[in-house]
Amino acid sequence: MNKFYKTYSAAKKANALNKEGTVKYTFTKNSKNQTVIKLSGKLSGIDMTQTVTVKNTTKGTNKATKLHMSGYQAVRDVDMDKTNAVFVEAN
């Protein structure tokens, strides 16, 4: 999964529904009061579970294009394989 959409209608408009599978998700907080998103379902017919822990806020500017972005640093955990991720929104 390389892109998360903010709304169902945004995913539908991008023609990104059911390309690889469907997941269900829940939002909780961990002991450090960080948001934890748990996803489970099937992707390409294979059972999948994933946890995304939102760590800190982040922001930046692309100097060449002057595009401002803000978002969150996160850690994706898929089958005990943790990778850093950044969720951003262009402003």
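In this text, all values refer to a predicted model and were calculated from it rather than measured experimentally. Sequence order as written defines residue numbering, which begins from 1 separately in each chain. Given that this is a predicted model, residues contribute local features only at a pLDDT of at least 70 and side-chain atom pairs are listed and counted only at 80 or more, while totals for whole chains, interfaces and linings are drawn from all residues. Each side-chain value is worked out from all heavy atoms of the structure, with water and hydrogens disregarded.

**Student:** Help me understand the overall build of the chain, please; the structure alone is not making it clear to me.
**Tutor:** Looking only at helices and strands, the chain has 1 helix and 5 strands in total. Structurally, the chain occupies a C-alpha span of about 40 × 35 × 20 Å along its principal axes. Looking at the 91 residues of the chain, the share that counts as buried comes to 16%. Contacts between residues were defined by any pair of non-hydrogen atoms, one from each residue, lying within 4.5 Å. Long-range contacts, defined here as pairs at least 24 residues apart, represent 16% of the contacts in the chain between residues at least 6 apart. Entry remark: accessible area of the chain is about 7,400 Å², with carbon and sulfur atoms responsible for 51%. Think of it this way: any DSSP run of H or I at least four residues long counts as a helix, any run of E at least two long counts as a strand, and we number them from the N terminus. Only protein chains enter the calculation, and the probe is 1.4 Å; a residue is then buried if its accessible area is under 20% of its type maximum, exposed if over 50%, and partly exposed in between. In short, Shrake-Rupley with a 1.4 Å probe defines the accessible areas, and a residue's cover is counted only from the protein chains shown.

**Student:** What is the right way to read unusual backbone geometry from this model?
**Tutor:** Most peptide bonds take the trans form, and the phi angle of most residues other than glycine is negative. A positive phi angle, near 65°, is found at N33, a position not held by glycine. Note that N33 resides in the loop between β1 (21-29) and β2 (35-43). The backbone of K66 sits at a positive phi, close to 60°, despite the residue not being glycine.

**Student:** Teacher, can you tell me more about the pattern of salt bridges here?
**Tutor:** Oppositely charged side chains may form a pair once their charged atoms are brought near each other. The term salt bridge refers to a pairing of a side-chain nitrogen on Lys or Arg with a carboxyl oxygen on Asp or Glu at a separation within 4 Å. Per the stated rule, a full pass over the model turns up 1 salt bridge. D47 serves as the salt-bridge partner of K42, at 3.6 Å between the closest nitrogen and oxygen. Judged by relative accessible area, which is 47%, K42 ranks as partly exposed. Take D47: its relative accessible area is 62%, and that puts it in the exposed class.

**Student:** Explain the nonpolar core to me, please; I cannot follow it from the model alone.
**Tutor:** As a rule of thumb, soluble globular proteins bury nonpolar side chains together. In these notes, a set of buried Ala, Val, Leu, Ile, Met, Phe, Trp, Tyr and Cys residues joined through side-chain atoms within 4.5 Å is what counts as a nonpolar core. In this structure, I37, L39, M48, V52 and A74 together form the largest nonpolar core, which totals 5 residues. Contributing elements (two or more residues each) for this core: β2 and β3 (46-62).

**Student:** So what exactly am I meant to see when it comes to the environment of G60 here?
**Tutor:** Tracing the backbone shows G60 in strand β3. On the accessibility criterion, G60 (33% relative accessible area) is partly exposed. Sequence separation of G60 and K29 is 31 residues, and the distance between their C-alpha atoms is 26 Å. Each residue touching G60, except ones within four places of it in the same chain, is listed here: L67, H68 and M69.

**Student:** In this structure, what is going on with the side chain of Q34? I would like to understand it.
**Tutor:** Within the element layout of this structure, Q34 appears in the loop between β1 and β2. Judged by its relative accessible area of 14%, Q34 is buried. What Q34 contacts, discounting residues up to four positions off in sequence, is T28, K29, T53, V54 and K55.

**Student:** Whenever I open this one, the side chain of D77 confuses me. Can you help?
**Tutor:** Looking at the element boundaries, D77 is found in strand β4 (residues 67-78). Charged residues are defined here as Lys and Arg on the positive side and Asp and Glu on the negative side; His and the ends of the chain fall outside this count. One buried charged residue, D77, remains without a salt bridge, the closest side chain of opposite sign being K82 at 4.3 Å. Between N or O atoms, a polar contact is any pair within 3.5 Å; within protein, one atom must be a potential hydrogen donor and the other a potential acceptor, and residues adjacent in sequence are included only when both atoms are from side chains. Polar contacts involving the side chain of D77 include one to the main-chain amide nitrogen of M80, which spans 3.0 Å. Dropping the residues within four chain positions of it, D77 is found in contact with T49, Q50, T51 and K82.

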